[in-house]
Amino acid sequence: MILAFDYLELTREWFSHSGLGRWMILVGFICNLLMGPSHAIAGDISDVPYGIFSLSQDGKSVPSAVLTNPLIAGISLRWAWQNVEKSEGVYDWSYFDKQIPLVANAGKKVLFRISSGGKNTPSWVFGSGPQTFSFLDTNPYAPTYNQTVTIPVFWDPIFLQKKKKLIVAMGQHFTSNPDIVMVVASCANATTDDWHIPSSKIDVQNWRALGYTSDKLINACKQIIDVTMTAFPNQVVVLAVARSSNGLDPNPDYVAQAVVNYANATYPGRFIVQKNSLSADTPDPSIMPILGAWQIIYDNQPAVAGQMLWFVSNDLTCRMNGRVKPCDPATVLQQAVTVGALYGMRYQEIYQGDILNPALAGVINSAAELLVP
C-alpha cells in the first residue's frame, strides 16, 4: 500500500527534477515499496519484547544484578521534567545518555519515561503564567500526602506549549536510538506520569469553576499523543489510563476511552494502553463478569500492558493486597502477575526492588514464562 506521505514526497521530487532524474526517482521509490518499510520509518508493537520490564528508581543507575538477569526483557528508565530542563530550553540528558548504553549492552530494551506535568513541572513553567489548579493530596504513599499541591491545568495552552517543546527536544535527541522501543506519554497526570485527575467533591467544583469540559481534556491528550508520535517515529507510544469522576464526565471512563480510541485509529500498531495499578486486587477476567476500570485493558488486547501498583518487598501496609493482612510477598506478586497475564499484557513493569529480592526469584521466573505467548 502506498502511504500518503510517500506519494506526496514522490510528487515533490518528481516536479523538482526532469528527464532521467525523474525516472531515477521513480525507480528508487518502487524499489523501496518492494523491499518494504525499514525500522527507521516507524516503530510498531512488534518491536516491543514480551516479558518483564524492571521499573527503575527515578534518576538512579540500574544495578548490575538487574542488567545481568536473563529473565528481564527490558528496563523502564525514568526521570522528571524539572530535572532534565531546569531552565527553559536547556536540557540535561546525561542520566539517560549514561544508562541507555548499559541497558543496550546487557541485551535489553528501554522503556523511556520523563514524568512531565502535574507535580513534575519545573518552576519556570509556572513563572510563564499558566492557569493552575490546587488540590489536597490524599495519597498516603505520596511525599506530599495531606498537603495542598498546585499544578498547571491540563489543557492550558501555555503549559501545553512548554510540554510539547520538551517532547520535541526529547525526540530530537533519542528517537534514532534503536534500543529505545517505547516512550511514555501522559496528559492527565496530577502526581506522577500515571493518569490521575483529583476528583473529590471540592475538586470537582474547582475543576468546574476553571471551565473543565471532557472535550478540553480529550483535546489536550490528543495534542500530546500527536506530538509524541511525531517526535518519536521509531518508537511505540505508551499511555497509562485510569478513571475520572462521574461529576466531571458522562462516565468515569469517558475521557480515557475517547483518547485510546483516537490513538488506535490515528496510529494503528504504534500505541499501547497501560494500567499502572496492577495488583492482587485486580479483577480476574477469567471469572469476573464486570471488570470496571480494567475493561479498557481487556478490550484493547494485545496492545496492552501493566505496571505494578506498588512493591511487595518490605511493605508492611500490604498495599498490593488491598491493604489486607497478612500479605505474603511472593503470593501477592504471583497473583498480580497471573491476573495481568490473563489480560493479554505484552509486558509488566515490576519494581526493581522486587526483582532484586532473592525470595521472589521464583515469582520472577514464573512471570517471565507467563508473559511469553
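These numbers were taken from a predicted model, which means no experiment stands behind them.

Q: Is there a simple way to think about helix α5 (residues 94-105) in this case?
A: Each α-helix winds once per 3.6 residues, and so residues spaced three or four apart point in a common direction. An ideal rise of 1.5 Å per residue puts 16 Å on 12 residues; α5 measures up with 17 Å between its terminal C-alpha atoms. Of all the positions in α5, only Tyr95, Phe96, Gln99, Ile100 and Val103 are classed as buried. Take α5 and look down its axis: the buried residues cluster within an arc of 110 degrees, on one side only. Seen from the buried face of α5, the exposed residues on the opposite side, beyond 90 degrees, are Lys98 and Asn105.

Q: Would you mind showing me how to read the state of the cysteines here?
A: Here, disulfide denotes a covalent bond that connects the sulfur atoms of two cysteines. Tallied over the entire structure, the rule returns 2 disulfides. Note on cysteine connectivity: cysteine 318 is disulfide-linked to cysteine 327, with sulfurs 1.9 Å apart. Note on the cysteine 318 and cysteine 327 pair: the S-S dihedral is about -75 degrees, so by sign convention the disulfide is left-handed. No difference in accessibility class separates cysteine 318 from cysteine 327, as the two residues are buried. Indicated for the chain is the disulfide connectivity 1-2, 3-4, based on numbering the bonded cysteines in sequence order.

Q: So what exactly am I meant to see when it comes to the pairing of strand β2 (residues 72-80) here?
A: Of all 9 residues making up β2, 8 are buried, and the element is well covered by its neighbours. In the sheet, strand β1 (residues 51-55) pairs with β2 via 4 bridges, with the strands oriented parallel. In the sheet register, phenylalanine 53 faces β2, and the bridge partner there is glycine 74.

Q: For this particular structure, what's the right way to read helix α14 (residues 361-370)?
A: Taken as a whole, α14 has its buried residues at Val363, Ile364, Ser366, Ala367 and Ala368. In this structure, the buried side of α14 is in contact with β1, β2, α12 (329-342), β10 (347-351) and α13 (352-356).

Q: Honestly, the pattern of salt bridges in this entry has me stumped. Any pointers?
A: Opposite charge on two side chains allows them to pair when their charged atoms are near. All chains considered together, the criterion is met by 7 salt bridges. In this structure, lysine 119 engages aspartate 137 in a salt bridge whose closest nitrogen and oxygen atoms are separated by 3.5 Å. Placement of the pair is lysine 119 in the loop between β3 (109-115) and α6 (123-127) and aspartate 137 in the loop between β4 (132-136) and β5 (148-152), with a sequence separation of 18 residues. Overall, the relative accessible area of 23% leaves lysine 119 in the partly exposed class. Judged by its relative accessible area of 3%, aspartate 137 falls in the buried class. With a shortest N-O distance of 3.0 Å, arginine 243 and aspartate 253 are connected by a salt bridge. Pair noted here: arginine 243 is in the loop between β7 (236-240) and α10 (254-266) and aspartate 253 is in the loop between β7 and α10, with a separation of 10 residues, a long-range link. By relative accessible area, which is 18% here, aspartate 253 ends up buried.

Q: Can you walk me through the layout of surface pockets in this structure?
A: Remark: the empty space left among the atoms is shown by a probe the size of a water molecule rolled over them. Considering only enclosed or pocket space, the largest pocket measures out at about 1,200 Å³ in volume. Every residue lining the largest pocket is counted, 43 residues in all, and those nearest its centre are Asn139, Thr191, Thr192, Asp194 and Arg319. Tallying contributions element by element places strand β8 (residues 271-278) first for the lining of the largest pocket, with 3 residues. Residues of the lining of the largest pocket, tallied by class, amount to 18 nonpolar, 13 polar and 12 charged.

Q: Would you explain the sheet that holds β10 in this entry?
A: The strands making up a sheet are joined through hydrogen bonds of the backbone, oriented either antiparallel or parallel. Around the barrel, which closes on itself, the 8 strands sit in the order β1-β2-β3-β6-β7-β8-β9-β10 with parallel pairing between neighbours. Taken over all neighbouring pairs, the strand axes of this sheet differ in orientation by 25 degrees on average, direction set aside. Sheet topology note: the β2/β3 ladder contains 7 bridges and is parallel. Looking across to β3, one finds that leucine 77 is bridged to phenylalanine 112.

Q: Before we go on, may I ask you to explain the packing of aromatic side chains in this structure?
A: By convention here, two paired aromatic rings are described through the distance between centres and the angle between planes. All chains considered together, the criterion is met by 23 aromatic pairs. For the pair tryptophan 155 and tryptophan 207, a centre-to-centre distance of 5.8 Å together with 45 degrees between the ring planes defines the contact as tilted. One end of the pair, tryptophan 155, is in the loop between β5 and α7 (157-174); the other, tryptophan 207, is in helix α8 (residues 201-209), and 52 residues separate them in sequence. Note on tryptophan 155: relative accessible area 12%, which makes it buried. Through a chain of ring-to-ring contacts, three or more aromatic side chains come together here, namely Trp79, Tyr91, Trp93, Tyr95, Phe96, Phe112, Phe174 and Phe232. One Lys or Arg, lysine 275, reaches over the ring of tryptophan 294 and ends 5.4 Å from the middle of that ring. Between the NZ or CZ atom of arginine 319 and the centre of the ring of tyrosine 141, over which it lies, the distance is 4.0 Å.

Basis of the calculations
Residues numbered from 1 in each chain as written. Predicted model: local features only at pLDDT ≥ 70, side-chain atom pairs only at ≥ 80, totals over all residues. Heavy atoms only, no water. Helix = DSSP H or I, 4+ residues; strand = E, 2+ residues; numbered from the N terminus. Expected span 1.5 Å × (residues − 1). Buried < 20%, exposed > 50% of the residue type's maximum accessible area, 1.4 Å probe, protein only. Arc of directions from axis to C-beta. Disulfide = S-S within 2.5 Å. Pairing = 2+ DSSP bridges. Contact = heavy atoms within 4.5 Å. Salt bridge = Lys/Arg side-chain N within 4 Å of Asp/Glu carboxyl O. 1 Å grid on protein atoms, 1.4 Å probe; cavity = no way out; pocket = protein on both sides within 12 Å on 5 of 7 lines; lining within 4 Å. Points joined across faces, edges and corners; volume = space filled by probe spheres on them. Nonpolar A, V, L, I, M, F, W, Y, C, P; charged D, E, K, R; others polar. Axes fitted to C-alpha atoms, helices over the stretch in contact; angles between N-to-C directions. Phe/Tyr/Trp six-rings, centres within 6.5 Å; stacked < 30°, edge-to-face > 60°. Lys NZ or Arg CZ within 6 Å of the ring centre and 35° of its normal.

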